[in-house]
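A look at the structure
Residue strings, one per chain:
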Amino acid sequence: MSFVPIRFEIGRPAAPWSLIGVLALLMLGLGRPAVAIEADKQTKACLRCHAMETIAYRDPVSREIVDLSIAPRLLPHSVHGELACTECHRKSYRRYPHPEEAERESFSCVGCHEDDSAEATYQLKTVESEYRQSVHVAPGAKHADRFNCHSCHDPHVFKVSRVGTDIAQVVRDGNQVCLSCHEKARDPQLGSHAWLPKRDAHWESVRCVDCHTPASAEPSRVSHQILTAEDSNRDCVACHSRDARLLNRLYQYRSEEDLARRGLFAKAIFNEAYIVGMSRSPLVDWISLLIIGLTLLVLTAHGLGRYLAYRRRRNR
Amino acid sequence: MKNPIHTLSNARFSRLAIALAILLLVLAIGYKVVYPWAFQLYVGESSAILTYPNSQPLTDAEFETLSRELSEQARRERAAEIVGVDQADFAREVKIEMLMGTPSFVRESEPSHIKYFRDAGIRQYQGPKTCLRCHATTKVDHGDGRVTTVDTLDDIVNSVHFKFQSDADGFSTYGYDGRKVNAPGERRIPVGKINRACGIPGSFSWTGWAALVETRPEHAEGATVTRSEGCGQCHIGGNYYPATEKMMPIGDVPVDAKDGIDCLICHSAEYDMNQRYVMRDDIGPRWNQDRSLRAALSVGPVANRNCLNCHQHNMGGDAYLHNVAAKSLGEKNQRLLHKGAKRGNPFSPTDDLHAAANIQCTDCHVPEGHKIPRGRFGVDLVANDLPGKDVACEGCHSRAPHNQSEHKALLNGHIARLACETCHIRELQENNVVLRDWVHPTWDAEEGLWEPTDVYRSGKPGKGFTYLWFNGNGTFLANALGNNPNGSTDYNPLMRQMARIEDPEILAAVRAKAIELKRTYPDIDVDAYVTAATDPLSQLSPEMRERRRAMIRDNLTAAMNEGESRIYPFKLFNAMMFEDMGNQGPFGAMILPFDYASYYETGDTQASVIQAIRDPIVRRMYQQPFKLYMMDEFMSYFGVTEGWRTDYPLVDGKLKGVEPHWMRQMGALMINHGIQRQGHECKDCHAPDGLLDYAALGYEPERAAELMDLDVLQAAD
């Protein structure tokens, strides 16, 4: 691949409709058309600097380090990976040093996704209204003025969990978003979760947001209204019950995941038989299977015996 | 039950108890008296009570005069810092004197030990004995919240500054056999400066500890002038030999040797480097030190000048213009200056911005008691007291250090691949020595001695130092290990950057020097000389070369690919020395030391080697116990798998199996000081003929081309 100088970048940015076209073509396996290659060139030019792992500067106002690094390996796998950088960022960014006015850009996820299929799937308007009630932007919250979607969701990495990802990984990734700011939440000295029985087991298998959001109207979605510590769920039975709220969220994913991995039969037999987090001992599963099998065997043997005895009597 | 007292008084038990007591006594005497005596006999050293001419008792009156003088000096210096210079000289002088007499100012400025010594009746400084009267124990802040109390003498005696070696783990050095030196699970051997013969100093501390050299300088018109030389000048032990006892698993250095520790060279603000010279007594030569009461009364927090008493020697060099210690060469038997600099990266306000900002050495090298960290990274075989402790730019500068430049974010972006030093050390002192020939010395008429010939010196990037990937690991002979994070299989510094000089300018300079040497040494074949000096691998047989290639591939790849590598600057050096060819491997042979006095005086290098290896400890090295104790292991690290051959290279007064050679690759020394505010410009590296050879650094051709292209910055114009 040859290098394309930024200065002479003249590619027309891909319009949304062409992107859909690209996706369709990709699905049909027709290879990558010119538009996508153009987006690639643009991205490569930007990544020449932004792929540097340590590209960052210290903001003179907040005195905090602002990270400008894009992970070049993760970007293509993110939901936005097919887009050229300048589809979201101002075109003037194609010049270096970037003109000052370029730095005052703002993004609105909802604004972009208003009319497309993403809205139908992810209901970004609902997300926005939930987000407005979140503790992160409540009046008086620390950093409320600087908080936005990207504080949690890095648009260059963000992707939707697909069936096939290990559930523990989903939990880890989800929690990492929270822990990147709330680094002290896991400090055992602070004891913010000291009340929680089997705390570490919970942290490994449940996402922060599973307790720190209200049950939303549509049960399969996690609300974006992050609750205060006081309002968060402390009710064990909310999850550990037959009608568990967790079953509608994380564990629904898990159910699909199980179905995909082990097939319908295994799913039907080894489903969450009792309550979340307290069943699924494989030993118990196998013992019950064995008992059922043995019972069946005994019943069959008994039936067979009866039948043979009946035949012998009739013959006689 | 019998009465226990009755049992004890039983004759059989008392006999047993007496026998046990006698056994313990014999063992104790054996350990404390017989073993040290036998050990000294074995290594051919002896020690005695150490006396120093300047350790003189003062009368009370003399003490008070001295105190007044020191107090006034300290108060004047401090007052001069406070009183502004924006006024008439006379007005300023009056104000300084007013301030000097102000009671609160006197309390704060007077050297603290004047009062302590006056009250304790101390009128003579007698070395550690005097210090330990109050400082028997030291509180050690480990920096992680732990504070412990240690025995001061024990702390210093077991520090690398005293021992010059360690058999603990914590080395980041790998043997050419692929094993990490003294890693857990390996048999540990004592290694460090004590037993490391090195191409730059030309000797090792056992044979070159303290020497008196009779020189014949031009200006003396035939008379001789005695000069001091030897490793001991920079080492804090005051004994006749280094702390060899510490290399054994049992035993300790003699009490007399501990009394010889020079506390004040590190702790006194008024230490007189003119007292640092070699003197000879009935036992032999040893180094004098400043034990005056003046120095003792001026103790205070360790400051840069203390560290630099010794360490400017290995940073800026002896000939460096601002080497303060090198201005006081001794009131007699003046120390010899080494003209070629070991690193040429000075730490002084003129040439290092941290020194200019009055940053203290101990701000970065934060000590824990008498253990001083040198950082996790180490390319050479130097022992490390605190291997787990970081000494790094990031510790203060964070990961986003550039705040001023328009390109600050881009500059910060470079940190993932470049060490700060790579840009911020633009050049070294020009007397930085790269190639040194010890075998063909040159007569220095001014000094009146034969000195090793520095075949090539340079402080320029790409010439005096180069850029290599480095992950903190090094080899047994100081070669930086690391690899391009792209996992390159082409980057092979041990076959290329450290093994060959291709720069036509350097080749021409070496040739010119060879032609010059040929005038004194007609046997020199100029072409062969240039080839050996600039392509040292040409000295290896094809089989040996192939073995070298295979050992690098099989044994060092893992150590090179470990961790995160960044590009660092490395000072390169190589030396021609006499080698014991019986102990040769693909990475070199055991180099033999020179006896300093005969070397400098006669220039007869063979005779000098013969003299040095007659030293009892070198004889011991070529015997079975030493072989089993450490040399087999040492040689395995050295890349000689067949073990140590004990054929003593001196037979009937003649050298046997000894040949002059250049070491098989250049050493690579870390350079971290001499930091300049203004780093390299972008175009210094991002240009077709820039400082970084991207292809040699293992970049793919496309990426290398991209890195040599400055289009991003052109676009900015």
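Some thoughts on the pattern of salt bridges
Residues and elements named next belong to chain B. Throughout the structure, instances matching the rule amount to 48 salt bridges over all chains. The partner of R566 in a salt bridge is E394, and the shortest N-O contact between them spans 3.3 Å. With R566 in strand β14 (residues 566-585) and E394 in helix α16 (residues 394-397), the pair connects residues that are 172 residues apart, well separated along the chain. Take E394: its relative accessible area is 33%, and that puts it in the partly exposed class. The residue D554 makes a salt bridge to R553 at a minimum N-O spacing of 3.1 Å. Of the two residues examined, D554 and R553, each falls in the exposed class. Three or more residues joined by partner-sharing salt bridges are found here, namely E72, R76, E93 and E97.

Digging into the side chain of T138 of chain B
Residue and element names in this part refer to chain B. Position of T138 among the secondary structure elements: in strand β1 (residues 137-141). There is a polar contact of 2.6 Å between the side chain of T138 and the side chain of T152. Filtering out sequence-adjacent residues up to four positions away, T138 remains in contact with T148, T149, V150, T152 and H370.

Considerations on the packing of aromatic side chains
Residues and elements named next belong to chain B. Throughout the structure, instances matching the rule amount to 26 aromatic pairs over all chains. Aromatic side chains W469 and Y699 sit 6.1 Å apart centroid to centroid with 55° between the ring planes, which places their arrangement in the tilted category. With a gap of 230 residues between them, W469 in strand β12 (residues 465-470) and Y699 in the loop between α26 (682-685) and α27 (701-707) connect regions that are remote in the sequence. With respect to burial, W469 and Y699 carry one shared label: buried.

Notes on a nonpolar patch on the surface
A cluster of nonpolar residues, L25, I29, V33, V34, W37 and L41 of chain B, forms a patch on the protein surface that exposes about 640 Å² of accessible area. Assignment of secondary structure puts V33 of chain B in helix α2 (residues 11-43).

Digging into helix α21 (residues 542-561) of chain B
Residue and element names in this part refer to chain B. Taking 1.5 Å as the rise per residue, α21 with 20 residues should run 28 Å; its terminal C-alpha atoms sit 27 Å apart, in good agreement. Roughly 45° is the biggest bend found in α21, and it falls at N555. Taken residue by residue, α21 has M544, R548, A550, M551, I552, L556, A559 and M560 as its buried positions.

Details of the nonpolar core
Residues and elements named next belong to chain B. Counting residues in hydrophobic clusters, the biggest one holds 124 residues, and the most contacted among them are F476, F570 and F634. In terms of residue count, the dominant contributor to this core is β14 (nine residues). When residues of this core are assigned to domains, at least three fall in each of domain 3 (152-392 + 425-500 + 535-670) and domain 4 (685-716). Beyond its immediate chain neighbours, meaning those up to four positions away, F570 contacts V379, F465, T466, L468, F470, A480, A668, L669, M670 and I671. Counting 27 residues, the second largest nonpolar core, distinct from the first, contains F162, I236, A257 and C310.

Brief notes about empty space enclosed by the protein
Residue and element names in this part refer to chain B. With the rule as written, the count across this model stands at seven cavities of 30 Å³ or more. Roughly 120 Å³ of volume is contained in the second largest cavity. Forming the boundary of the second largest cavity are 14 residues, of which Q233, N309, H313, D318 and R335 lie nearest the centre. Its residues assigned to classes, the lining of the second largest cavity comprises eight nonpolar, four polar and two charged.

Quick word on the side chain of S109 of chain B
Residue and element names in this part refer to chain B. Note on placement: S109 falls in helix α5 (residues 103-109). Only 2.7 Å separates the side chain of S109 from the side chain of R78, close enough to count as a polar contact. A polar side-chain atom of S109 sits 2.7 Å from the main-chain carbonyl oxygen of F105. The residues touching S109, leaving out its near neighbours within four places in the chain, are A74, R75 and R78.

Quick look at the confidence of the model for chain A
Residue and element names in this part refer to chain A. On average, residues of chain A score 75 in pLDDT, and 71% of them are at 70 or above. Summarising per-element confidence for chain A, the mean pLDDT is lowest in helix α1 (residues 16-27) (38) and highest in strand β1 (residues 56-58) (94). Taken together, the stretch residues 1-32 has pLDDT below 50 and engages in 42 contacts with residues farther than four places along the chain or on a different chain.

Observations regarding the packing of helix α3 (residues 60-82) of chain B against helix α6 (residues 112-120) of chain B
Residues and elements named next belong to chain B. Look at α3 against α6: their axes get within 10 Å of each other, and the N-to-C directions meet at 165°. The angle between α3 and α6 places the two elements in the roughly antiparallel class. As for how α3 packs across α6, the hand of that crossing is left-handed. For the pair formed by α3 and α6, the contact residues are F63, E64, S67, L70 and S71 on the first element and I114, F117 and R118 on the second.

What about the pairing of β1 of chain B?
Residue and element names in this part refer to chain B. Covered by surrounding structure in β1 are T138 and V140 only, the residues T137, K139 and D141 on the alternate face being uncovered. Bridging between β1 and strand β2 (residues 147-151) involves five bridges; their strand directions are antiparallel. Its bridge partner being in β2, K139 is matched across the sheet by T149. Here β1 folds back onto β2, and the loop between the two strands holds five residues, one of which, G143, carries a positive phi near 80°.

Quick notes on helix α4 (residues 89-101) of chain B
Residue and element names in this part refer to chain B. In a regular helix each residue adds 1.5 Å, so 13 residues correspond to 18 Å; α4 covers 19 Å between its end C-alpha atoms and thus fits that length. Where α4 is concerned, the buried positions are R92, I96 and M100. Take α4 and look down its axis: the buried residues cluster within an arc of 75°, on one side only. Summarising the geometry of α4, the exposed residues directed more than 90 degrees from the buried face are F90, M98 and G101.

How each quantity is defined
Residues numbered from 1 in each chain as written. Chains lettered and ligands numbered in written order. Predicted model: local features only at pLDDT ≥ 70, side-chain atom pairs only at ≥ 80, totals over all residues. Heavy atoms only, no water. Salt bridge = Lys/Arg side-chain N within 4 Å of Asp/Glu carboxyl O. Helix = DSSP H or I, 4+ residues; strand = E, 2+ residues; numbered from the N terminus. Buried < 20%, exposed > 50% of the residue type's maximum accessible area, 1.4 Å probe, protein only. Polar contact = N/O pair within 3.5 Å; in protein donor to acceptor, adjacent residues only side chain to side chain. Contact = heavy atoms within 4.5 Å. Phe/Tyr/Trp six-rings, centres within 6.5 Å; stacked < 30°, edge-to-face > 60°. Patch = residues over 30% accessible without salt bridge, like charges linked within 9 Å, V, L, I, M, F, W, Y side chains within 5 Å. Areas by Shrake-Rupley, 256 points an atom, 1.4 Å probe, with all protein chains shown as cover. Expected span 1.5 Å × (residues − 1). Bend = angle between axes of the 7 residues up to and from the residue. Core = buried A, V, L, I, M, F, W, Y, C linked by side-chain atoms within 4.5 Å. Domains from an automatic or database assignment. 1 Å grid on protein atoms, 1.4 Å probe; cavity = no way out; pocket = protein on both sides within 12 Å on 5 of 7 lines; lining within 4 Å. Points joined across faces, edges and corners; volume = space filled by probe spheres on them. Nonpolar A, V, L, I, M, F, W, Y, C, P; charged D, E, K, R; others polar. pLDDT = per-residue confidence, 0-100. Axes fitted to C-alpha atoms, helices over the stretch in contact; angles between N-to-C directions. Parallel < 35°, antiparallel > 145°, perpendicular 65-115°, else oblique. Left-handed = near helix turned anticlockwise from the far one by under 90°. Pairing = 2+ DSSP bridges. Arc of directions from axis to C-beta.

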